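Per-entry structural report
For reference, the chains in residue letters:
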Amino acid sequence: MPYKKNHNLVLKARVALGVWLLSSFSFTLSQANELPCRAWQAADERASDLKVGAIHIEAGNIFNPQLPKENHWYHHLTNQLHSKTQDQVIAQTLLVKTGDPFDLALIAESERLLRSRKHLKDVQITLERVCAKQVELRVTTTDNWTLAPAVSFGRSGGENSKSFSLEEHNLLGLGKELSLSFKQDAQRNQTKLSYNDPQVLGSRYQLALGLQNNSDGKGHQLSIGLPFYKLAEQNAWGFESTRLRQQVPYYTAGVVTQKIGVANQQAAIFYGWSKTKSPQLTERYRFGWQQENRSYFATDTAPITPPAVQQAYPWLSYELIEDHFTKRENFKTMGRTEDIALGHQFLIQAGVLHPNFGSDASYFKLLTHYSKGYSPANNQISLVTADATAWFGDGPYRGLRAKLSAEWNLYSSAQASWHLSGELHTADNLQPGEQLLLGGDQGLRGYPAGYRSGEQSALVNAERRFYFKQTPLGLIKLGAAVFVDAGTIWGNGQKAQWFGDAGIGLRLMPTRASSGKIIHVDLAVPFSTHGKIDKYQILVGTGAEF
């Protein structure tokens, strides 16, 4: 008995010793495997051996119940009715993944790419810590309300309009867009169904479909491809087909004198690739094929139709993009972080048109674009943009279409700013159904739409903008403007004559809606009332900008 008892004690001691050794080994092993972590430091930006570590995604809903002002019953109800963006959609949009070399520029670009999606109100990518040469990221997003039924009534340039739409910009939380709209104005009744998928089956491929049924014609759109979705080197391709048949109004002194029946068919295909010239500069090359057929049909006011025009040609293009952005609120919209491109952006595209390719005449077509932003101080932003398309040849399209625009913004405080803008247009040898116009819908708010027409125009706008702190129920951002417009148009037998107006306006913007549209209510008084025009114009409508 004593021997057996001692044997049991020895056995228990051995088991206890084994457990202790095993636990000690496990603890030592866990210590060895535990990654040494520290907070991110500014000096880490210069390190060349870092990699992207764990990516934590916090996809927030429309309202944050942790905030007292967003913790009411209607906030909870809105969150419950909304399909929140799925984590995988955010992860698939990012330009980095775990294990990639750490690139701060790609992370900033990922943030801009996410912020460009309508269904996201705000995006922040935080560099949390560094664990054994791996940088952990936290992606925090806030959703917009994406199911947007809307009924609107508008008046612009002396003409009334009304519309109804039902849009979903985040179908099932997958970032897909589906919309149905009906619009009635002085030109036509329009019913439109569209679908947009920026990530087909979770990939980088994009798909856009559109069907349009108008009182004066029909149309469709199909676009599919792999776009240039990032500044780093990649390949891209795309195919697009559009068709639209409608009656285009022709204005004389602010009155529609006739409607010209125009049927446009376009098809295009391209392939491209990009090269990184430097950390800030990207070059993009494309080549493709473009076909455009324009024909005319008789209407009650234009029974005689012009001859059809055909363009078919191969083309090459070169694009240079500088990676230089700044962030600001109250730039084009209100109360949202906006990414503003300040770097050089230059594009030139050349095509050769010839009857052997299917064109009805021989041309050399040249298209150019240039833009640049300036921010000499934190409270100033300026933008300059130039676009031109020229046809060199002897056919009906021979001529130049060009536009030069510039704007200057001075933020005197968080609640007020000055906005000055100007633009010059030239468009010689316009085709039937095309006009260069100046009036209520073209920036001269005190006059009817299409008040003057010509071949060259100049327009200047000055605004004092106000952004109010009050946000009713946290849902509506309020703003106001005092403005002055001045413009002139000449050519085609008409001499230059300046017209001007002044007025006040109210701006309302839903802060939690994915449409991003701003409601405009303007009262404008013309300085000169030559002809049969009202002593004032009331403009009510929606726009993408303030």
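Worth saying up front: this structure is predicted, and the values here are computed from it rather than measured.

1. Topic: the pattern of salt bridges
Evaluated as defined, the whole model comprises 24 salt bridges. Where Asp-339 meets Arg-115, a salt bridge forms, and the shortest distance between an N and an O atom there is 2.9 Å. Of the two residues, Asp-339 sits in strand 16 (residues 338-341) while Arg-115 sits in helix 4 (residues 104-115), which places them 224 residues apart along the sequence. Its relative accessible area of 10% is what places Arg-115 among the buried residues. Residue Glu-128 is joined to Arg-138 by a salt bridge in which the shortest nitrogen-to-oxygen separation is 2.5 Å.

2. Details of the confidence of the model for the protein chain
With 91% of its residues at a pLDDT of 70 or more, the protein chain has an overall mean of 87. Looking over the protein chain, one finds the lowest element-wise mean pLDDT in helix 1 (residues 2-33), namely 45, and the highest in strand 17 (residues 345-353), namely 97. Every residue in residues 1-7 scores below 50 in pLDDT, and together they form 0 contacts with partners more than four places removed in sequence or on other chains. The low-confidence segment residues 19-33, where pLDDT is below 50, has 0 contacts with residues more than four positions distant or belonging to other chains.

3. Concerning the packing of aromatic side chains
Tallied over the full model, the rule gives 15 aromatic pairs. Joined through ring pairs, the aromatic side chains of Tyr-271, Trp-273, Tyr-285, Phe-287 and Tyr-318 make up one cluster. Cation over ring: Arg-112 sits above Phe-325, and NZ or CZ is 3.8 Å from the ring centre. Across the ring face of Phe-483, the terminal group of Arg-445 is positioned such that the distance to the ring centre comes to 3.8 Å.

4. Notes on the nonpolar core
Among the nonpolar cores identified, the biggest contains 21 residues, and Trp-40, Phe-102, Ile-107, Leu-114, Leu-127, Val-135 and Leu-137 are the most heavily contacted of them. Taken together, the elements giving at least two residues each to this core come down to strand 2 (51-60), helix 4, strand 3 (120-131) and strand 4 (134-143). Within the second largest apolar cluster, 12 residues are counted, among which are Tyr-411, Ala-481, Met-509 and Phe-546.

5. Some words on unusual backbone geometry
Although it is not a glycine, Lys-133 adopts a positive phi angle of roughly 70°. By the element assignment, Lys-133 lies in the loop between strand 3 and strand 4.

6. Quick look at the side chain of His-169
As for its position among the elements, His-169 is in strand 6 (residues 159-171). Only 3.2 Å separates the side chain of His-169 from the side chain of Glu-167, close enough to count as a polar contact. Within the local environment of His-169, its side chain forms a polar contact with the side chain of Ser-514, the two groups lying 2.5 Å apart. In this view, His-169 contacts Lys-118, His-119, Thr-146, Gly-175, Lys-176, Glu-177, Ser-514 and Ser-515; residues no more than four positions away in its chain are not counted.

Rules and cut-offs
- Residues numbered from 1 in each chain as written.
- Predicted model: local features only at pLDDT ≥ 70, side-chain atom pairs only at ≥ 80, totals over all residues.
- Heavy atoms only, no water.
- Salt bridge = Lys/Arg side-chain N within 4 Å of Asp/Glu carboxyl O.
- Helix = DSSP H or I, 4+ residues; strand = E, 2+ residues; numbered from the N terminus.
- Buried < 20%, exposed > 50% of the residue type's maximum accessible area, 1.4 Å probe, protein only.
- pLDDT = per-residue confidence, 0-100.
- Contact = heavy atoms within 4.5 Å.
- Phe/Tyr/Trp six-rings, centres within 6.5 Å; stacked < 30°, edge-to-face > 60°.
- Lys NZ or Arg CZ within 6 Å of the ring centre and 35° of its normal.
- Core = buried A, V, L, I, M, F, W, Y, C linked by side-chain atoms within 4.5 Å.
- Polar contact = N/O pair within 3.5 Å; in protein donor to acceptor, adjacent residues only side chain to side chain.

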